[in-house]
Amino acid sequence: MTLAAERAPLTVGRIEFLNALPFFAETGDEKNRTAYVRGFPTDINRGMRAGEIDIGLTSSLLCASMPDELMVFPDLCIASYEKSMSVALFSSEPLERLRGKKIALSSKSLSAASLLRILFRHYWRLPCEFEISSAPLEEMQHRYAAFLAIGDEALFFEAPGIQVHDLSQVWWQWTGYPFCFALWTVRRAVYESSPEAVRAFFESLRARLKGNLAHLEELVGKAGPAVLARRDRVLQYLRSLEYRLNPRVREGLSLFFEHARRLGLVAGDGNLSFCEFS
């Protein structure tokens, strides 16, 4: 989409996970200035790469792979200090028995899939074969020795005898840093051609987040019957997440990029370009 004028609507990538709800639950009139494209993280990533989405909540690793094309909103992210509760390796066997086995990676994920590769290689030191899969989790459980799941289906998945390894918690135990899964990014061409529209969206986004985090119980109460049925777990989940891109999160992000570069998962130095809003 080419923005011909400042008044043209921005095309915004909206992740359809509960962890993004505080960013997207409307509290103002910003919907009049945006057109939403809904999808999973890898869908939003593809749209940003293709130039079909102007602004999006994207996988953090995408920013390191496109430093010349993407710019990052300051102060906003989705991260976790310890348990993320929604990014996990599920296994029916102990970790040590996974050596040489085939592991399924969710097709919805970029950052989490890369993190899992890093953990197997540098932390657990277990060589494995990886395969991207879009199969339902129940099918993955029967087809693979272990599988990576993300988002709401990981948050709510249960099965007898399954072992759950929360990747954010493992990263925390290994490095002492929080893990940043997603960043708000804007295509550089859009930022340079429509700075006021981008700034206005950023300000409304930040205000929306602040308001929704201050009223989480009300936010969850409006999320529909499926969420209400698991209200306590959803509230625990949202309260455990970090939505501010603070210095500690940035340090953890830099370390993640360094490990990803060593493993050949991303090129370049991992330096991010941040938007500047006066």
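Criteria and cut-off values
- Residues numbered from 1 in each chain as written.
- Predicted model: local features only at pLDDT ≥ 70, side-chain atom pairs only at ≥ 80, totals over all residues.
- Heavy atoms only, no water.
- Buried < 20%, exposed > 50% of the residue type's maximum accessible area, 1.4 Å probe, protein only.
- Helix = DSSP H or I, 4+ residues; strand = E, 2+ residues; numbered from the N terminus.
- Pairing = 2+ DSSP bridges.
- 1 Å grid on protein atoms, 1.4 Å probe; cavity = no way out; pocket = protein on both sides within 12 Å on 5 of 7 lines; lining within 4 Å.
- Points joined across faces, edges and corners; volume = space filled by probe spheres on them.
- Nonpolar A, V, L, I, M, F, W, Y, C, P; charged D, E, K, R; others polar.
- Expected span 1.5 Å × (residues − 1).
- Arc of directions from axis to C-beta.
- pLDDT = per-residue confidence, 0-100.
- Contact = heavy atoms within 4.5 Å.
- Axes fitted to C-alpha atoms, helices over the stretch in contact; angles between N-to-C directions.

Novice: Looking at this structure, I do not really get the pairing of strand β4 (residues 70-80). What am I missing?
Specialist: Walk down a regular strand and you will see the side chains alternate between the two sheet faces. Counting buried residues along β4, ten of its eleven residues qualify, which places the element largely inside the surrounding structure. Bridge analysis of β4 against strand β10 (residues 179-187) gives seven bridges, and the strand direction is antiparallel. In the strand pairing of β10, Met71 is matched with Val186. In terms of strand pairing, β4 meets strand β11 (residues 241-244) through three bridges, oriented antiparallel. Bridging across to β11, Ser80 finds its partner in Leu241.

Novice: How should empty space enclosed by the protein be read in this particular structure?
Specialist: Unfilled space is identified by rolling a water-sized probe across the atoms. With the rule as written, the count across this model stands at one cavity of 30 Å³ or more. By volume, the largest cavity amounts to about 220 Å³. As for the largest cavity, its lining consists of 21 residues, and the residues nearest its centre are Asn19, Pro41, Val87, Ile150 and Phe181. Residue assignment for the lining of the largest cavity shows that the elements contributing at least two residues are β3 (55-59), α4 (111-123) and β10. Of the residues assigned to the lining of the largest cavity, the class counts are 13 nonpolar, seven polar and one charged.

Novice: Explanation requested: helix α13 (residues 247-262) in the structure shown.
Specialist: One turn of the α-helix equals 3.6 residues, which is why residues spaced by three or four share an orientation. When the terminal C-alpha atoms of α13 are compared, their 23 Å separation across 16 residues agrees well with the 22 Å that a helix rising 1.5 Å per residue should span. Buried within α13 we find Val249, Gly252, Leu253, Phe256, Phe257, His259 and Ala260. Seen end-on, α13 carries its buried residues on one side only, within an arc spanning 165 degrees. Residues of α13 that are exposed and point more than 90 degrees away from the buried face comprise Pro247 and Arg262.

Novice: Got a minute to help me understand the confidence of the model for the protein in this structure?
Specialist: Detailed reading of the predicted coordinates is not advisable wherever pLDDT falls low. Scored by pLDDT, the protein has a mean of 92; 95% of the residues are at 70 or more. Of the regions scoring below 50 in pLDDT, residues 1-7 engages in 18 contacts with residues more than four places distant in sequence or in other chains.

Novice: Sorry, what's going on with the sheet that holds strand β5 (residues 87-91) here?
Specialist: Pairing between the strands of a sheet is mediated by backbone hydrogen bonds and can be parallel or antiparallel. Strand order in the open sheet made by the five strands is β7-β6-β8-β5-β9, with mixed pairing throughout. Two strands close off the open sheet at either side, each with one partner strand: β7 (129-133) and β9 (163-166). Along the sheet, successive strands turn relative to each other by an average axial angle of 25 degrees, direction set aside. Both β5 and β9 contribute to a ladder of four bridges, which runs antiparallel.

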